[in-house]
Amino acid sequence: MQRQPVSIFERAFKKLVSGGLESVGRRGSDILSVAEDLPESDIAIVKEWIDDCLSENGGQVEARKRAALLGRAYLKLTTTGRTRFLGLLAEHYGVNEASVESAIDQWHNAKHNEKTEAAQSLRKALIPSRTALLKQFNGVPSGVKFLVDMREELLRLRKDYPQLKPLETDLRDLLATWFDIGLLQLEEISWNSSGAMLEKLIAYEAVHAIKSWSDLKNRLDFDRRCFAFIHPNMPDEPLIFVEVALVNGLADNVQRLLDEHAPTEDIDKADTAIFYSISNAQQGLAGISFGNFLIKQVVSKLQVEFPQLKQFATLSPIPGFRRWLDSTPADQLMQLPGGEQWLNTPPPRDPVLASQGDATGTQQEAIMKLAATYLSSTKPGTSRANDPVANFHLSNGAQLARLNWMADTSDKGLKQSAGLMVNYLYELPKIVHRSNQYTSQGTISLSSNIKKLLK
């Protein structure tokens, strides 16, 4: 088993205390002597160290120092070692069942004026003991980032090790509290931002890869804007960011939008803000939603800076379309708008070949109709749209406005979306109503253009 590569959060841990982590704690660097695969013989050493952290012998400051050194040891482990470490936390540091039973008895036997105290005792008993250790990690510099990345690892591992799910859930609940929207700061990213932040944009861009520094500079040009949510305990790490182009009318092609040689738009005449890329930068915060808050805050900020803007819309991929089209049985496709047209196309029926220019008018119409059907449909038994990007924007109150043919001819765009992209329109007076209709009933707001495709 190869050792894990040195990561940015491992380097950050070197700054936790002056003199280096190896000098911390009453036992010095003993904890760092555990083997990287954390064999059974070393589990007892780690367990004793965790117990020391939780007992807070020497006070909270000393306990946090020991927690920092424990985190340093974790970062040196291989995947096997980390799995064993996390398994130890999941198995041995959960809720104390005896304490819970005792607290329940106290609640049942409490008199009316004792109920508040009994309830507090029960709440305390239901908190897993490992929560205190996770909070100690949070209390040191870079500790929040350490925990975010720990949850990312847990999300990967829990499929093969379901016993880690309770630990992942505990950590998610803590992170949801620490990353409450009220604690986040909206920051505009520009070409003058720190080099570290610009490097993060390149690394984390998940929709349209940033190919070079000149590509990045183009995305931060005079007619563009980029905004990110930042947590005060992770000041150099964007949590989520959105890239915006100020243009005239709805954009219909991402290659033209990102063309480095295209002339800069006159932003004083721009009437539309196009959100063309929204990227979650921290996989460890999956399931903790703040993308909808980001869009709404950015819209408010742009309205102040550019009062002439009349439209706020996206140019979005359809990442699940090809997979859906390829996996839907022929007898089901036959019942859908465009399905019969597509199945009557002579083999090989390949939407990528069609989207690359070999399509007849009938083929193009069939693909557009099927894409409109896919986007306007929900998963069986749910009120969630088939497509994850569609679900995100529809839950935020957007309308499914327009499909665009040959809008993304990149390899990724052709492979996932058959070259199609979609505009989701945010009409400000209707956002709340549309969001409520979608989240409560699965009702998807459709433009007249989309409705025509569904006939």
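Structure first, text after, so check above.
Asker: When you look at the pattern of salt bridges in this model, what are you seeing that I'm missing?
Answerer: If the charged atoms of two oppositely charged side chains come close together, the side chains can form a pair. Scanning the entire structure with this criterion turns up 21 salt bridges. For Lys 47, the salt bridge identified is with Asp 51, shortest N-O distance 3.8 Å. Taken together, the positions of Lys 47 and Asp 51, both in helix α2 (residues 40-55) and four residues apart, correspond to about one turn of that helix. We classify Lys 47 as partly exposed; its relative accessible area is 29%. Judged by relative accessible area, which is 31%, Asp 51 ranks as partly exposed. Notably, a salt bridge pairs Glu 305 with Arg 225, separated by 2.8 Å at the nearest N-O pair. Of this pair, Glu 305 sits in helix α13 (residues 291-305) while Arg 225 is found in strand β2 (residues 224-231), placing the two residues 80 residues apart along the sequence. Members of the salt-bridge network, linked through shared partners, are Arg 82, Glu 152, Glu 153 and Arg 156.

Asker: Please explain the side chain of Ser 447 as it appears in this structure.
Answerer: With respect to the secondary-structure elements, Ser 447 resides in the loop between α21 (431-441) and α22 (448-453). Reaching out from Ser 447, the side chain makes a polar contact with the backbone oxygen of Ala 401 at a distance of 2.4 Å. Once residues within four sequence positions are removed from consideration, Ser 447 is found in contact with Gln 399, Leu 400 and Ala 401.

Asker: Got a minute to help me understand the side chain of Ser 193 in this structure?
Answerer: Looking at where Ser 193 falls in the secondary structure, it is placed in the loop between β1 (185-188) and α10 (195-204). Leaving out residues up to four positions away in the same chain, Ser 193 has contacts with Glu 188 and Leu 198.

Asker: How should the environment of Arg 158 be read in this particular structure?
Answerer: Tracing the backbone through its elements, the reader meets Arg 158 in the loop between α8 (143-157) and α9 (165-178). Considered as a pair, Arg 158 and Ser 300 are 142 residues apart in the sequence and their alpha carbons are 39 Å apart. Contacts of Arg 158, omitting those with residues within four sequence positions, involve Lys 165 and Glu 168.

Asker: Would you mind showing me how to read the packing of aromatic side chains here?
Answerer: Two measures describe an aromatic ring pair: the distance that separates the ring centres and the angle between the ring planes. What the rule picks out here adds up to eight aromatic pairs. A ring pair is formed by Trp 191 and Trp 213, whose centres lie 6.2 Å apart and whose planes are at 75 degrees; its orientation type is edge-to-face. Of this pair, Trp 191 sits in the loop between β1 and α10 while Trp 213 sits in helix α11 (residues 213-219), placing them 22 residues apart in sequence. Judged by its relative accessible area of 33%, Trp 191 is partly exposed. Residue class for Trp 213 comes out partly exposed when judged on its relative accessible area of 42%. Here the aromatic rings of Phe 321 and Trp 324 are separated by 6.1 Å at their centres, their planes lie at 25 degrees, and the arrangement is stacked. Residue Phe 321 and its partner Trp 324 are both found in helix α14 (residues 321-327); the two are separated by three residues, about one turn of the helix. Relative accessible area serves as the criterion here: at 0%, Phe 321 is assigned to the buried category. Taken together, the ring pairs in this structure connect Tyr 74, Phe 85, Phe 137 and Phe 146 into an aromatic cluster. Arg 82 extends its terminal NZ or CZ atom over the ring of Tyr 74, reaching a point 5.0 Å from the ring centre. For Lys 115, the ring lying beneath its charged end belongs to Trp 107, and the centroid distance is 4.1 Å.

Asker: What exactly am I supposed to notice about α13 here?
Answerer: In an α-helix, one turn spans 3.6 residues, which is why side chains three or four residues apart end up on the same side. In this model α13 runs 21 Å from its N-terminal to its C-terminal C-alpha over 15 residues, within 8% of the 21 Å that 1.5 Å per residue would give. Listed as buried for α13 are Gly 291, Asn 292, Leu 294, Ile 295, Val 298, Val 299 and Leu 302. Around the axis of α13, the buried residues are gathered within 155 degrees of arc, so they sit on the same side.

Asker: How do you make sense of the packing of α2 against helix α7 (residues 130-138) when you look at a structure like this?
Answerer: Packed helix pairs are specified by the crossing angle of their axes together with the interaxial distance, meaning the distance between the axes. For the pair α2 and α7, interaxial distance at closest approach is 9 Å and the crossing angle is 80 degrees. One element, α2, and the other, α7, form an angle in the roughly perpendicular class. Contacts from Ile 50, Cys 53 and Leu 54 in α2 reach Ala 132, Leu 133 and Gln 136 in α7. A per-class count over the contact of α2 with α7 returns five nonpolar, one polar and no charged.

Rules used throughout
- Residues numbered from 1 in each chain as written.
- Predicted model: local features only at pLDDT ≥ 70, side-chain atom pairs only at ≥ 80, totals over all residues.
- Heavy atoms only, no water.
- Salt bridge = Lys/Arg side-chain N within 4 Å of Asp/Glu carboxyl O.
- Helix = DSSP H or I, 4+ residues; strand = E, 2+ residues; numbered from the N terminus.
- Buried < 20%, exposed > 50% of the residue type's maximum accessible area, 1.4 Å probe, protein only.
- Polar contact = N/O pair within 3.5 Å; in protein donor to acceptor, adjacent residues only side chain to side chain.
- Contact = heavy atoms within 4.5 Å.
- Phe/Tyr/Trp six-rings, centres within 6.5 Å; stacked < 30°, edge-to-face > 60°.
- Lys NZ or Arg CZ within 6 Å of the ring centre and 35° of its normal.
- Expected span 1.5 Å × (residues − 1).
- Arc of directions from axis to C-beta.
- Axes fitted to C-alpha atoms, helices over the stretch in contact; angles between N-to-C directions.
- Parallel < 35°, antiparallel > 145°, perpendicular 65-115°, else oblique.
- Nonpolar A, V, L, I, M, F, W, Y, C, P; charged D, E, K, R; others polar.

Purely geometric numbers; function is a separate question.
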